[in-house]
Structure formats: C-alpha cells, structure tokens
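# Structure at a glance
Residue-level listing of the chains:
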Amino acid sequence: MAPPVLESNTKRNVTPSKFYGFHSFGEPGFPIPLTGAFRDNIRQFLRECAEPEDYDLDGMPIWCTFLVYENRGTVLPLYTVEENVKHSDRPFCDYCRCAGWSHHFVSKRKYHFIIPGNDEWNKPLNEGAFDLQTHLLHGLIHCNGFGHLICINGIEGGSKYICGREIMDLWDRICTTLHARQITVEDSSRKHMMDLRLLYGVAYGHCWFGKWGYRFGRGSFGVKEHDYERAMDTLSSLELDQLIDDFSITNGCTQIEQIIHHYRNMKISLKLSTRLALRKTPLGKDYPTKCRKFSNVAANLDSRWPVRRLEHVAEVIVEALKEKRAVVNDGGSSGMTRQEARDAARLHIGDTGLIDHVLKVMNNVVVGNYIVRRAVNRSTKVLEYTIQDSKSSRRAYLSKVPELIQAHITGPGRSICNDMAYLYTNVFLGYPESSDSVKLAAQMILYSKHFVKEWPFRDEDDDSLRFICRLTMSSIDLNSDSSCDFPPREYIVVPLYATIGDLKVAIQNAMRET
C-alpha cells in the first residue's frame, strides 16, 4: 500500500520522481552540491530537487520535495513557495522589522519552506497557510540569504512521531546547504506555563535554539547583549546552599529546601548505585558537582600554548587563591575577582593573553588537591574564583552515602513538572528582595526573545571567486544623516577567471533582486 502522501499526489496528477531521506537531506553535497549565493542556489534546488505542483497559492508557484521518514517508512512533503513582493499583499516583512532589519533592502523574492501538520499531508496548501502556527516547520528566507524561522512543532506541538529536535536538525541543514546568511527566531516556547528560554538558560547557558548556534539577537526594553550574558552568568552560578539560606526567611523555605534536597540526594544515590552495579571504582573519585581535571581540560583546548604552560598558569592562580584564603578572616570573602586573579598571576607570568585564556576555563576544575570554582558573590554581585580542598569535599560526600541509599521518596518527587514549576515561580520569579540581582537577571532573560544564527563568509576551495559587496552612501548623504544604518552586504560568486566587468554585471544582477 502506498503512503497516504503518494496517494494524494497521484490524485492531483503529480508523480514524484525522487525521494530523499529525512535524516540525511541537506547533508554536505546532498542532494546536490551548491556553491553559489542563496539567490542562485534556491533556483537550482527547485529545478533539480523539487516537483512543481499543479496548483498555486494566490498566484504563487509551489514546489514539493518528498522526504522519507525512515523510522516509520512514511513520506512527507516539504513545500517551497516562491512569493514575489510585486504581487504580494505584504511586500514589507514584519519579521525583519521585529529583528531590527528595517534598514535592509526589500528583496523581490522570498521563499517559504513548509512541512504541514500530519493531518494536512494529503491536502494541498490553501489560503492562509502563511499565518498558521500548526505547521511542523515554517521557515522564510529572502533571496539575499536573510531569513526567519517562523514556527516549529514537535511531539508536544502536534507532530505524531517527529520530535522537535529532528525538525530543527532538518531546518539547520537546509539553511546550511542553501547558503543562508542569517536566520532569526523568536523564542516564545513554553512548557507547563514555564518559559523554556529561562529554564534552558539556567541549565545550559543558552536557549533551546542555542544548540544549533542561535545567539542573542535583540532584547526588549533596552536589554543589550552584555546585559543578557551577565544575567546568564548570575543565574547559572547560583549555589544551592546559598539559595536555601536566602529563602530561610520566607514562607516557602521548607518546600524549596525539600525539593532541592530530594533531587540532590536522588542524583547522588542513583550515581552511586549505578557505579557499584557496573564496576568497582574507588568512591573517592566522585564529587557532589561534576569536576574535571584541569590537565584534561587543557589538553582539549584549541590553544597555541602547550599544555604544560597552561597547567603552570593554573597552579599559579591556585597558589594566589590559597594565599588570599589564608589571610582573610571569616567576615570577608576568600575569593578573588577576575581582575584580582589576573593581577596576581601577572607577578609571575608576563603573557596576559595566556592568563586570560586559562581564567576563561577555570570553573569546576581540579588543580592538584584543590577544586577551583567560579560564582557570583552575593554581596558584591561580582563573579569570583574560590578554591575548595578536594579531600574534604570527598569526605563530606562519602559521609552522606549510607543515609542517601536508605532514603525514601516523600513529598517532592511525585511530579517533576510540578516541582520545576514551583521552583520556577518561587525562585526565578519570586526571589527574596534581599537579592534583587536574581530577579533582575531572570527578567532580562525573559525580555530577550529574539535570537539569530549567522553563517560566516567562507571562500571555498573550488573554481569560483567570492566577494562581499556593499552599496555605500555618498559623502553628501553621510553628512546629512550620520546615524543611518547601512544595508547588509551582498554575497557575490563569479567564475575563477572572471573579469572586473563580469564582477560588475554579477553585482548589478544581485542588486536587481532588491
């Protein structure tokens, strides 16, 4: 029996001649090698890898590429719709305006990439398809290579068996193989009434889309990139014990403490039981927080300095931290700011670039018999480096093991989602007023919804020359409006032995697309 999509297209007198694997589509060189700019690549892609449909969408031509989802043996359609702004009801792009691209030239052509919801695979696209938020995938790329990921829906968004990560992988491969230049996304995804960009920011230091290279693009209410990064550092460096102490004066302290202790203990118990079942390993090598030997970290760094020099700098920094801890009384901080650690290391090492390179990775690393950590000082609101004796840390960990193995689940743990929602509401959104920095950091992350991925300019090793060309303003225009943003530079590809005249023609053709 033919898959439903094939039956539907047979009824519309469309006989697909090519099928492509869902998980391999868009890999380098597959389905076809593309070496030009996006405006040229998309046309070649449609000629060779897509079938024209026998209907249109309000006068806009449609092509269909058939993808085989191997795990289910199902064929699904990837539609490409060419929208010409001359005949469009919306010639100006609202997504560009929201992304801060109002200074871009208006491209004559833009392309919509759509995978409808499962129940729509057997039906043609109809009017209003651009406005639906139920598609598994809807992306838009202007012919200059700048575009937007409009919506993506995995299992929880209506997909029957294709998860969001798989769809996102496909979209990223499509953008890469077609040579997109920049793609934006507005991350407003929520789960159980929680904003995922805040949860992922605390856990991983970036939003969910950050796994595919999307970074801060634009914030609301004046939030800049450095504000966003500082907010991430503040939340990701929260110490659980300090958090419990900060909430000791609030009504919800007991439940917050129970939740934290439950999952902390469960993690240690599971780790211990698993390790004992699989292999006999000395327990002294396990730490409450995952730490790595600095020598291993240094060996994996892409550094121009040898590993031994990196280790020497780390040892110098640890010695400085030990001296600071020895002279500070209980009332003061035994940590050192980045500048203090840098200045202390400079007394022994002259290469400041080397010092900065080491300080960048000095967090949860083991140097000798000490663990080096980096966290925000609650009093000064500044990141500090501290050290802890690794032997005492191991002893504290081992002393809890018998108690943890016998622990039973009571209260917290019955619903992970409920526990997360409680912490989300009461910790990130309701931190005690004694520490406004946490509230402010959470708000800054929530104000940052727009993210962007940029593919850097590269000159491939082939028989083509690549240029970036910019249209500049005259000196009179510059003097009259010095604050005007320049439009983005155009990506130009010409044959290896092209003349200056050929290059001018190629630039003219590119500009005529706007």
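Structure shown above.
Attention in this report is confined to the structure presented alongside it. What you see is a predicted model; the values in this text were computed from it and never measured. (Residues numbered from 1 in each chain as written. Predicted model: local features only at pLDDT ≥ 70, side-chain atom pairs only at ≥ 80, totals over all residues. Heavy atoms only, no water.)

### Let's talk about the overall build of the protein
As a reminder of what qualifies: What counts as a helix is a DSSP run of H or I of at least four residues, what counts as a strand is a run of E of at least two, and both are numbered from the N terminus. Buried means the residue's accessible area, taken with a 1.4 Å probe over protein chains only, is under 20% of the maximum for its type, while exposed means over 50%, and partly exposed covers the values in between. Note on contacts: a residue pair is in contact if any heavy atoms of the two residues lie within 4.5 Å. Method for areas: the Shrake-Rupley scheme with a 1.4 Å probe, in which residue coverage is limited to the protein chains shown.
Along the protein, the regular secondary structure elements total 17 helices and 19 strands. For the protein, buried positions account for 45% of its 514 residues. Considering only residue pairs separated by 6 or more positions, the protein has 66% of its internal contacts joining residues 24 or more positions apart. With the model as given, the accessible surface of the protein reaches about 27,800 Å², and the carbon-plus-sulfur share is 51%.

### Considering the sheet that holds strand S15 (residues 370-376)
What counts is decided by this rule: At least two DSSP bridges between two strands are required for those strands to pair.
The sheet built from 5 strands is open, its strands ordered S12-S14-S15-S16-S13 with mixed pairing. The open sheet terminates on both sides in strands that have one partner only, identified here as strand S12 (292-293) and strand S13 (336-337). Bridge count between S13 and strand S16 (residues 383-389): 2 bridges; the pairing is antiparallel. Residue pairing across strands places Met336 opposite Tyr385, the latter belonging to S16.

### Examining helix H2 (residues 38-49)
Using the following cut-off: Given a helix with a known number of residues, its expected span is that number minus one, times 1.5 Å. In this description, one arc is meant: the one made by directions from the helix axis to the C-beta atoms.
Helix length check: H2 (12 residues) gives 15 Å between terminal C-alpha atoms against 16 Å at 1.5 Å per residue, within 8%. Along H2, the positions that sit buried rather than exposed are Phe38, Arg39, Asn41, Ile42, Phe45, Leu46 and Cys49. Buried residues along H2 cover an arc of 165° about the axis, so they all sit on one side.

### Some points on the environment of Lys191
As a reminder, the rule being used: N or O atoms within 3.5 Å of each other form a polar contact, as long as, within protein, one can give a hydrogen and the other can take it, and as long as residues adjacent in sequence are counted only when both atoms are side-chain atoms.
Relative to the helices and strands, Lys191 resides in strand S9 (residues 190-191). Considering only alpha carbons, one finds Lys191 and Ala421, 230 residues apart in sequence, at a separation of 9.6 Å. When neighbours within four sequence positions are excluded, Lys191 is seen to be in contact with Glu156 and Leu196. There is a polar contact of 3.4 Å between the side chain of Lys191 and the side chain of Glu156.

### Points about the pairing of strand S17 (residues 450-454)
Counting buried positions along S17 yields 4 of 5 residues, so the element is predominantly enclosed. Examined bridge by bridge, strand S11 (residues 215-218) and S17 share 3 bridges and lie antiparallel to one another. Paired with Arg218 across the strands is His450, a residue of S17.

### Focus: the nonpolar core
Generally speaking, nonpolar side chains in soluble globular proteins are found buried as a group. We apply this condition: Here, nonpolar core means buried Ala, Val, Leu, Ile, Met, Phe, Trp, Tyr and Cys residues that are tied together by side-chain atoms lying within 4.5 Å of each other.
Of all hydrophobic cores here, the largest spans 70 residues; its most connected members are Phe113, Met168, Trp171, Ile183, Phe209 and Tyr214. With sequence-adjacent residues up to four places away left out, Ile183 is seen in contact with Ile141, Gly147, His148, Leu149, Trp171, Cys175, Tyr214, Phe451, Val452, Lys453 and Trp455. Counting 29 residues, the second-largest nonpolar core is a separate cluster that includes Ile349, Ile355, Tyr370 and Tyr385.

### Here's the deal with the packing of helix H6 (residues 225-236) against helix H15 (residues 436-446)
Quick reminder of the rule: All axes are obtained by fitting lines to C-alpha atoms, using only the stretch in contact for helices, and the reported angles, taken between N-to-C directions, cover 0 to 180 degrees. Any angle between 65 and 115 degrees counts as roughly perpendicular, while under 35 counts as roughly parallel, over 145 as roughly antiparallel, and the rest as oblique. Should the near helix be turned counterclockwise from the far one by less than a right angle, the crossing is left-handed, whereas a clockwise turn marks it as right-handed. Under the convention adopted here, Pro, Cys and the residues Ala, Val, Leu, Ile, Met, Phe, Trp and Tyr are nonpolar, Asp, Glu, Lys and Arg are charged, and Gly plus all remaining residues are polar.
Contact geometry of H6 with H15 gives a least axis separation of 9 Å together with a crossing angle of 130°. One element, H6, and the other, H15, form an angle in the oblique class. Regarding H6 and H15, the two cross each other, and that crossing is left-handed. In contact with Asp227, Tyr228, Ala231, Met232, Thr234 and Leu235 of H6, H15 contributes Ser437, Val438, Ala441, Ala442, Met444 and Ile445. Looking at the contact of H6 with H15, its residues break down into 9 nonpolar, 2 polar and 1 charged.

### Side note on unusual backbone geometry
Residues Phe30 and Pro31 are joined by a peptide bond in cis, for which omega reads 10°. Along the polypeptide, Pro31 turns up in the loop between strand S1 (20-21) and H2. In the Ramachandran plot, His192 falls in the positive-phi region, its phi being about 55° despite a non-glycine side chain. Following the sequence through the fold, His192 ends up in the loop between S9 and strand S10 (194-195).

### Comments concerning the pattern of salt bridges
Stated formally: A pair is scored as a salt bridge if a Lys or Arg side-chain nitrogen falls within 4 Å of a carboxyl oxygen belonging to Asp or Glu.
Enumeration according to the criterion identifies 18 salt bridges in this entry. Linking Arg197 and Asp195 is a salt bridge whose minimum nitrogen-to-oxygen distance equals 3.4 Å. Given a relative accessible area of 3%, Arg197 falls into the buried group. Accessibility expressed as a relative area gives 11% for Asp195, which makes it buried. A salt bridge links Arg466 to Asp462; the nearest nitrogen and oxygen atoms lie 2.8 Å apart.

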